[in-house]
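Coordinate analysis (summary)
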Amino acid sequence: MTKLNYEQELAHLHLELVKLQDWVKAKGLRVAVLFEGRDAAGKGGAIKRITEPLNPRVCRVAALGTPTEREKSQWYFQRYVAHLPAAGEMVLFDRSWYNRAGVEHVMGFCTDDEYQEFLRSAPEFERLLIRSGMILVKYWFSVSDEEQEKRFQERMRDRTKRWKISPMDLEARRRWFDYSKAKDVMFAHTDVADSPWWVVEADSKKRARLNCISHLLSQVPYEDVEPPVLELPPRGPKDPDYRRPPKQSMRYVPARY
């Protein structure tokens, strides 16, 4: 796929995303989209391309950090519930409650009882959300061993991307097969008819982004809500008493470019 082809397709999909946003807002829909997958699989890039043309007051990203001691004592799903969408909102979860089935389980951050309880509870929790009227879409970004290594190497060489890789990511790389087994078990318990997982083949970032956006648009039936026609009014009448302060009295950013 050439850069021109990609940009043309992305521009078309961006227009459709804006139509979807207007529909969600007009109809008071609640849309939650989960992005899961291996490190460097391209989740963040896909999320950025989705949010790029959208109003952040309608579409926002939830990327939760490490839970606090207080949050650790709560019902597991509790801290995620606080970030769920209200009417007229879309929330994109950059990793979600499925942390428990992945990193927490593989790295030993939860007990086996907590892990087993999550596998039992997650489908019921999601059914509650769906029965309440929420639209829930779950994506798993799949990347090959070879492509992940290539992206990790690139991140380690590029200072602007270095922040994307952490000691936890490197340990996860070492435990590739443990994560593979954890993902298979997670799918066996939570890939259910009313809340399925959708796998995005992500070795090609451009194709993965376009395919994900196109599929997301198909998961939320929408119509084009014609925005009101706007007319730019003329500037108000000049105030004879107004005097602009002299430019020398202000601090300007140096014009270095």
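The structure this text deals with has already been given above.
The structure presented is a predicted model; accordingly, all values stated were derived computationally and were not measured. (Residues numbered from 1 in each chain as written. Predicted model: local features only at pLDDT ≥ 70, side-chain atom pairs only at ≥ 80, totals over all residues. Heavy atoms only, no water.)

**Some points on the side chain of R151**
As for its placement among the helices and strands, R151 is situated in helix α7 (residues 145-157). Residue contacts for R151: discarding those within four places in its chain leaves A40, A41, G42, V143, A202, D203, S204 and K205. (Helix = DSSP H or I, 4+ residues; strand = E, 2+ residues; numbered from the N terminus. Contact = heavy atoms within 4.5 Å.)

**Description of the nonpolar core**
In terms of nonpolar packing, the biggest core is built from 30 residues, with V33, F35, I50, L92, Y139 and F141 touching the most fellow members. For this core, the elements supplying multiple residues, two or more each, are α1 (3-27), β1 (30-37), α2 (43-51), β3 (89-94), β4 (135-142) and α10 (205-219). With sequence-adjacent residues up to four places away left out, Y139 is seen in contact with V33, L34, F35, E36, W197, W198, V200, C212, H215, L216 and Q219. (Core = buried A, V, L, I, M, F, W, Y, C linked by side-chain atoms within 4.5 Å. Buried < 20%, exposed > 50% of the residue type's maximum accessible area, 1.4 Å probe, protein only.)

**Describing α7**
Over its 13 residues, α7 extends 19 Å from the first C-alpha to the last, a length consistent with the 18 Å expected when each residue adds 1.5 Å. Three or more residues of α7 are buried, namely E147, Q148, R151, F152 and R155. End-on view of α7: buried residues confined to an arc of 135°, all on one side of the axis. Those residues of α7 that are exposed and angled more than 90 degrees off the buried face are E146, K150 and R157. (Expected span 1.5 Å × (residues − 1). Arc of directions from axis to C-beta.)

**Details of the environment of A40**
Within the secondary structure, A40 sits in the loop between β1 and α2. Once you skip the residues sitting within four places of it in the chain, A40 turns out to touch V143, Q148, R151, F152 and R155.

**Let's talk about the side chain of R155**
Here R155 shows up in helix α7. Of the side chains bearing the opposite charge, D169 lies closest to the buried R155, which forms no salt bridge; the N-O distance is 5.2 Å. Residues within four places of R155 in sequence aside, it is in contact with A40, K161, R162, K164 and I165. (Lys, Arg positive; Asp, Glu negative; His and termini not counted. Salt bridge = Lys/Arg side-chain N within 4 Å of Asp/Glu carboxyl O.)

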